[in-house]
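Report on the structure
Residues per chain, in single letters:
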Amino acid sequence: MATLPLRATQTPQVWPIPGLARLSAYLSFLAEVYGEAQHSMREANKKYPFAGI
């Protein structure tokens, strides 16, 4: 009876830079959206100071 040689499967080499770039782009997008929302709220508060915003 012959046995087959066992070989470990090669795992693909994943480079983390594209994933980190996507994560940083997403976080910068969230920061930009938050900053724009704060800016529009300040402008609305200047235009309508007693609106209760």
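Residues numbered from 1 in each chain as written. Predicted model: local features only at pLDDT ≥ 70, side-chain atom pairs only at ≥ 80, totals over all residues. Heavy atoms only, no water.

1. Focus on the overall build of the chain
In terms of helices and strands, the chain carries one helix and zero strands. Computed over its C-alpha atoms, the radius of gyration of the chain comes to 27 Å, more than 25% above the 10 Å expected for a compact globule of 53 residues. Its C-alpha atoms give the chain principal-axis dimensions of about 90 × 20 × 5 Å. The 53 residues of the chain split such that 0% are buried. (Helix = DSSP H or I, 4+ residues; strand = E, 2+ residues; numbered from the N terminus. Rg over C-alpha atoms; globule rule 2.2 N^0.38 Å. Buried < 20%, exposed > 50% of the residue type's maximum accessible area, 1.4 Å probe, protein only.)

2. As for a nonpolar patch on the surface
A contiguous nonpolar patch, built from Trp15, Ile17, Leu20, Leu23, Tyr26, Leu27, Phe29, Leu30 and Val33 and spanning about 960 Å² of accessible area, is present on the exposed surface. As for its position among the elements, Val33 is in helix α1 (residues 16-47). For Val33, a relative accessible area of 41% puts it in the partly exposed group. (Patch = residues over 30% accessible without salt bridge, like charges linked within 9 Å, V, L, I, M, F, W, Y side chains within 5 Å. Areas by Shrake-Rupley, 256 points an atom, 1.4 Å probe, with all protein chains shown as cover. Salt bridge = Lys/Arg side-chain N within 4 Å of Asp/Glu carboxyl O.)

3. Structural notes on the environment of Leu4
As for its placement among the helices and strands, Leu4 is situated in the segment before α1. Owing to a relative accessible area of 76%, Leu4 belongs among the exposed residues under this scheme. Along the backbone, Leu4 and Pro18 are 14 residues apart, and their C-alpha atoms lie at a distance of 39 Å.

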